[in-house]
Amino acid sequence: MGPMRASALVFLAVLAPAFLAGCACDLEEAAEVATRARSERDAGHAAEALRALARAGDCIRGDSPDDPRACYLLAAVYFNLHLLGAPSAFPAGDAETGWALEVLRESRERDFLALAFRDMLSLEQKTFTLEGVPDWATVDRLLISADELRARADALLAGFPPDTFEGVPPEFAAAHMRLAVFDISRGFCVQAWRRALDTGQSVEPARTRLTGIYRSSAEAWDRLANVAAANAAKKAAEEESARLRGLAERSAILINPEDLNHPVEREMLKLLADEHLEKGRGTANRGFEEKLARNFARAAATLRASAAHFLLALSIGGLDDGDRRGALGYLHDLMLALRELER
């Protein structure tokens, strides 16, 4: 970096807070302030980071409300506010964070994570460049989906009608649904890890989440082993649990997620509920055909993949009553088929 570039950055570091206070900035300047806010957070200066993120967010929403890139960066700001404990971490009566509280109240979203996901969801079918958006925000986009879809799926499962999986042991259905949740979140975490490597960002946020997902998935397979209907099914569940625990250990030391040999279907990274419904139906029907053909292991894997698509569609939301009932009906049939496949 030459002396002129270094001087420019120093000048921006001094000028940007005053610039943002009057909301007279552009996306790149707001991105610089948000980037420095994350550095403050990493240094343990949470209060300073909160205020800087609030200033950046206030500028972004006021300066370029119709720019998809501004929406993208604002979602990343909301996410980082969430990671810092907002809104409860905001100082009482603080003028700089007041706008964020008001936006959250008006949105009726659960928290800043849900608000961030709402904005990311609105961009799913838009085409735009990422010029002016910092690399860390492109990683956080994937972490937003990983965290929010897991929270939505957990809430969804807790609110399922009691007879959703009638005829299937509750622990069996619950374990399979948990595996579907983890598979959804896993895909976004793997992609976040890849994106972090590509852009020179820290892989630790994605790696930490992924390691936890593998451990939780292993626990779900342990529960399936405990309720297995046959010895072969019990042994297969125990082996899968051991495999996932091994992946958890490996994920903590690997440099590249490809070394895990656990692929991610790119379709799982889309945030389009209708497409996941269609994919879920097609995958389920293939699983049922494999079952009839007595390809039992392949049928079970295909049916589990289908369950993840249906759960993802339900978690994204926006379905009409008929599609929602249809998805729940498919999930019931999937659980029945998976139980019948235990041998």
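Residues numbered from 1 in each chain as written. Predicted model: local features only at pLDDT ≥ 70, side-chain atom pairs only at ≥ 80, totals over all residues. Heavy atoms only, no water.

Novice: So, the overall build of the protein: which residues are in play, and what are the values?
Specialist: Of the regular secondary structure elements, the protein holds 13 helices and zero strands. Along the chain direction, N to C, the helices and strands of the protein fall in the order α-α-α-α-α-α-α-α-α-α-α-α-α. Its C-alpha atoms give the protein a radius of gyration of 22 Å, within 12% of the compact-globule value 20 Å for 343 residues. Dimensions of the protein, computed from C-alpha atoms along their principal axes, come out at roughly 70 × 45 × 35 Å. At a minimum sequence separation of 6, the contacts of the protein that also span at least 24 residues come to 75%. (Helix = DSSP H or I, 4+ residues; strand = E, 2+ residues; numbered from the N terminus. Rg over C-alpha atoms; globule rule 2.2 N^0.38 Å. Contact = heavy atoms within 4.5 Å.)

Novice: Any chance you could break down the pattern of salt bridges for me, citing the residues and the numbers?
Specialist: Per the stated rule, a full pass over the model turns up 26 salt bridges. The partner of Arg118 in a salt bridge is Asp119, with the nearest N and O atoms 3.0 Å apart. We classify Asp119 as buried; its relative accessible area is 7%. A salt bridge links Arg298 to Glu290; the shortest N-O distance between them is 3.6 Å. (Salt bridge = Lys/Arg side-chain N within 4 Å of Asp/Glu carboxyl O. Buried < 20%, exposed > 50% of the residue type's maximum accessible area, 1.4 Å probe, protein only.)

Novice: Before we move on, can you summarise a negative patch on the surface with the specific residues and values?
Specialist: On the surface, a cluster of negative charge is contributed by Asp274, Glu278, Asp320 and Asp321. In this fold, Asp321 is placed in helix α13 (residues 321-340). Residue classification places Asp321 among the exposed positions, given a relative accessible area of 56%. (Patch = residues over 30% accessible without salt bridge, like charges linked within 9 Å, V, L, I, M, F, W, Y side chains within 5 Å. Areas by Shrake-Rupley, 256 points an atom, 1.4 Å probe, with all protein chains shown as cover. Lys, Arg positive; Asp, Glu negative; His and termini not counted. Charge placed at Lys NZ, Arg CZ, Asp CG, Glu CD.)

Novice: So what about the environment of Trp221? Which residues, and what values?
Specialist: You can see Trp221 is positioned in helix α9 (residues 204-226). The exposure class of Trp221 is buried, given its relative accessible area of 11%. Sequence separation between Trp221 and Lys234 is 13 residues; the distance between their C-alpha atoms is 9.3 Å. Aside from chain neighbours lying at most four places away, what touches Trp221 is Leu179, Ala237, Glu240, Ser241, Leu244 and Arg304.

Novice: Which residues make up the packing of aromatic side chains, and what are the values?
Specialist: Considering all chains together, one arrives at six aromatic pairs under this definition. Here Tyr72 and Phe128 contribute two aromatic rings whose centre-to-centre distance is 6.1 Å and whose plane-to-plane angle is 75°, an arrangement assigned as edge-to-face. A residue pair is termed long-range when its members are at least 10 positions apart, and Tyr72 in helix α4 (residues 68-83) and Phe128 in the loop between α6 (112-122) and α7 (135-158) qualify at 56 residues. For Phe128, a relative accessible area of 26% puts it in the partly exposed group. A centroid spacing of 4.9 Å and a plane angle of 20° characterise the contact between Phe310 and Tyr330, whose relative ring orientation is stacked. With Phe310 in helix α12 (residues 296-316) and Tyr330 in helix α13, this pair connects stretches of sequence that are 20 residues apart. We classify Phe310 as buried; its relative accessible area is 0%. Grouped by ring-pair contacts, the aromatic residues Tyr78, Phe90, Trp99 and Phe112 constitute a single cluster. (Phe/Tyr/Trp six-rings, centres within 6.5 Å; stacked < 30°, edge-to-face > 60°.)

Novice: Mind laying out α13, listing which residues take part and the relevant values?
Specialist: Taking 1.5 Å of rise per residue, 20 residues should cover 28 Å, and α13 covers 29 Å from first to last C-alpha, within 8% of that figure. Residues Ala327, Leu328, Leu331, His332, Leu334, Met335, Ala337 and Leu338 constitute the buried set of α13. At the N-terminal end of α13, a side-chain oxygen is found 3.2 Å from the backbone nitrogen of Gly322, two or three residues along, and the residue is Asp320. (Expected span 1.5 Å × (residues − 1). Polar contact = N/O pair within 3.5 Å; in protein donor to acceptor, adjacent residues only side chain to side chain.)

Novice: Would you mind going over the nonpolar core in detail, with residue names and values included?
Specialist: Ranked by internal contacts, the top residues of the largest apolar core, which has 113 residues, are Tyr78, Leu81, Phe112, Phe160, Leu311, Leu331 and Met335. Of the residues forming this core, the biggest block, 15 residues, is contributed by helix α8 (residues 170-199). Each residue touching Phe160, except ones within four places of it in the same chain, is listed here: Phe165, Met177, Leu311, Leu314, Leu328 and Leu331. (Core = buried A, V, L, I, M, F, W, Y, C linked by side-chain atoms within 4.5 Å.)

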